[in-house]
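For reference, the chains in residue letters:
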Amino acid sequence: MTLQQEIVGNAMQMAVVSLQPGQTVYCEAGKFLFKTTNVTMETRLGGPSGGGGRQSQPGGSGSGGMGGLLRQAMGTAMQAGQRALAGESLAFQYFTTQGGEGTVGFAGVLPGEMRALELDGTRAWFAEKDAFVAAESTVDFGIAFQGGRTGRSGGEGFVLEKFTGRGTVIIAGAGNFIDLNPADFGGRVEVDTGCVVAFEEGIHYGVQRVGGLNRQGVMNAVFGGEGLSLATLEGNGRVILQSLTIESLANALKKAQGGDKQGPTGGLFSTNAQ
């Protein structure tokens, strides 16, 4: 059953979801806005991939008395531990309608756009940290760690949210969205690391140094405002970018409050000290 949803608004969008009997949608804690009275709300530590969204059937592999409960508890604890390491919220809120159609509203935490992604079970989607807003209970939420050099250099790219399964997942970002496919631009695009919102499985995400260790490379890093790294996206698949980065928004707010930490040139002279 397809999730009926409508994304409304302009500068600060929200998703209004119409739940049919038997449907369940879950969101990250803090993304819920409103609901009708016939929709029940339950907060759990586990997401669907950790046993929090699927109920075990009697006699199925998820049952088994104390052993089944122990496996489920360990799965939930492992998932909660991953989310804690990633700096994500530990809890999910689940919404189910009772006695007819119900309505639930969700939103992101920054001024910007939202997007509903439809998963058909063949390709996963990856998203930046905090992009997740809500999803059907048939969609599994996980954490993907970008290891080694890529994660340490890329900042925002170290931890990604991963969505698998079938159904609708709703994400949010800052500013306006642009959809593109690297295959339409020679197979590769380079973007600010904070501009990446989400991309399909099959897209290779990496981080590269801005320029070489020469005069122009130093100029790019010191005065260009991008620091030392750019994100690279390669392959054939859908990519969603955002026009506003969290860092630029934070710097603008600090400047408006008389606490500009960016310095006169940006780049390596920029500091984020509180």
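For the structure itself, consult the block above.
Read on for an overview of the structure. (Residues numbered from 1 in each chain as written. Predicted model: local features only at pLDDT ≥ 70, side-chain atom pairs only at ≥ 80, totals over all residues. Heavy atoms only, no water.)

Along its length, the protein chain carries four helices and 18 strands. Partitioning the contacts of the protein chain with sequence separation of at least 6, the portion at a separation of at least 24 is 77%. Counting every atom, the protein chain has about 13,600 Å² of accessible surface; 55% of that belongs to carbon and sulfur. (Helix = DSSP H or I, 4+ residues; strand = E, 2+ residues; numbered from the N terminus. Contact = heavy atoms within 4.5 Å. Areas by Shrake-Rupley, 256 points an atom, 1.4 Å probe, with all protein chains shown as cover.)

Next up on the list: the sheet that holds strand S1 (residues 4-8). Spatial strand order, S1-S2-S7-S4: four strands in an open sheet with antiparallel pairing. Pairing within the sheet leaves two strands with one partner each, and these edge strands are S1 and strand S4 (32-35). Ignoring strand direction, the axes of neighbouring strands in this sheet form an average angle of 20 degrees. Sheet topology places strand S2 (residues 14-19) next to strand S7 (residues 102-107); six bridges connect them, and they run antiparallel. Bridge assignment links valine 17 to a residue of S7, and that residue is valine 104. (Pairing = 2+ DSSP bridges. Axes fitted to C-alpha atoms, helices over the stretch in contact; angles between N-to-C directions.)

We now examine unusual backbone geometry. Trans is the common state for peptide bonds, and a negative phi is the common state for residues other than glycine. Unlike most non-glycine residues, aspartate 130 shows phi in positive territory, near 75 degrees. Tracing the backbone shows aspartate 130 in the loop between strand S9 (125-128) and strand S10 (132-136).

Grouped together as the largest cluster of nonpolar side chains are 21 residues, with contacts concentrated most on Tyr26, Phe132, Phe163, Val169 and Ile171. Counting residues per element, the ones that place at least two in this core are strand S6 (92-97), strand S8 (114-120), S9, S10, strand S11 (139-145), strand S12 (159-172) and strand S15 (196-200). Looking at which element gives the most residues to this core, the answer is S12, with four residues. In contact with isoleucine 171, other than residues within four places in its own chain, are Glu113, Met114, Arg115, Leu117, Ala131, Val133, Phe163, Val197, Ala198 and Ile240. Grouped together as the second largest cluster of nonpolar side chains are 15 residues, Leu3, Val17, Val104 and Phe106 included. (Core = buried A, V, L, I, M, F, W, Y, C linked by side-chain atoms within 4.5 Å. Buried < 20%, exposed > 50% of the residue type's maximum accessible area, 1.4 Å probe, protein only.)

This brings us to the environment of lysine 31. With respect to the helices and strands, lysine 31 occurs in the loop between strand S3 (24-28) and S4. Look at lysine 31 and you get buried, because its relative accessible area is 4%. Along the sequence, lysine 31 and valine 109 sit 78 residues apart, while their C-alpha atoms lie 7.3 Å from each other.

Bringing the pattern of salt bridges into the picture now. For the coordinates displayed, the defined rule picks out eight salt bridges. With a shortest N-O distance of 2.7 Å, arginine 115 and aspartate 179 are connected by a salt bridge. Highlighted residues: arginine 115 in strand S8 and aspartate 179 in strand S13 (residues 177-180), separated in sequence by 64 residues. Residue classification places arginine 115 among the buried positions, given a relative accessible area of 17%. Beyond isolated ion pairs, a larger network of salt bridges with shared partners links Glu113, Arg115, Asp179 and Arg238. (Salt bridge = Lys/Arg side-chain N within 4 Å of Asp/Glu carboxyl O.)

On to the sheet that holds strand S14 (residues 188-191). Across the sheet, which stays open at both edges, the three strands sit in the order S14-S17-S16 with antiparallel pairing between neighbours. The strands lining the two open edges of the sheet, one partner per strand, are S14 and strand S16 (204-209). Across the sheet, the mean angle from the axis of one strand to that of its neighbour is 30 degrees, orientation sign disregarded. Pairing of S14 with strand S17 (residues 229-234), which is carried by four bridges, proceeds in the antiparallel orientation. Paired with glutamate 190 across the two strands is threonine 232, which belongs to S17.

The pairing of S1 with S2 spans five bridges and is classified as antiparallel. Bridge pairing in S2 links valine 8 to methionine 14.

On their own, these measurements won't tell you what the molecule is for.
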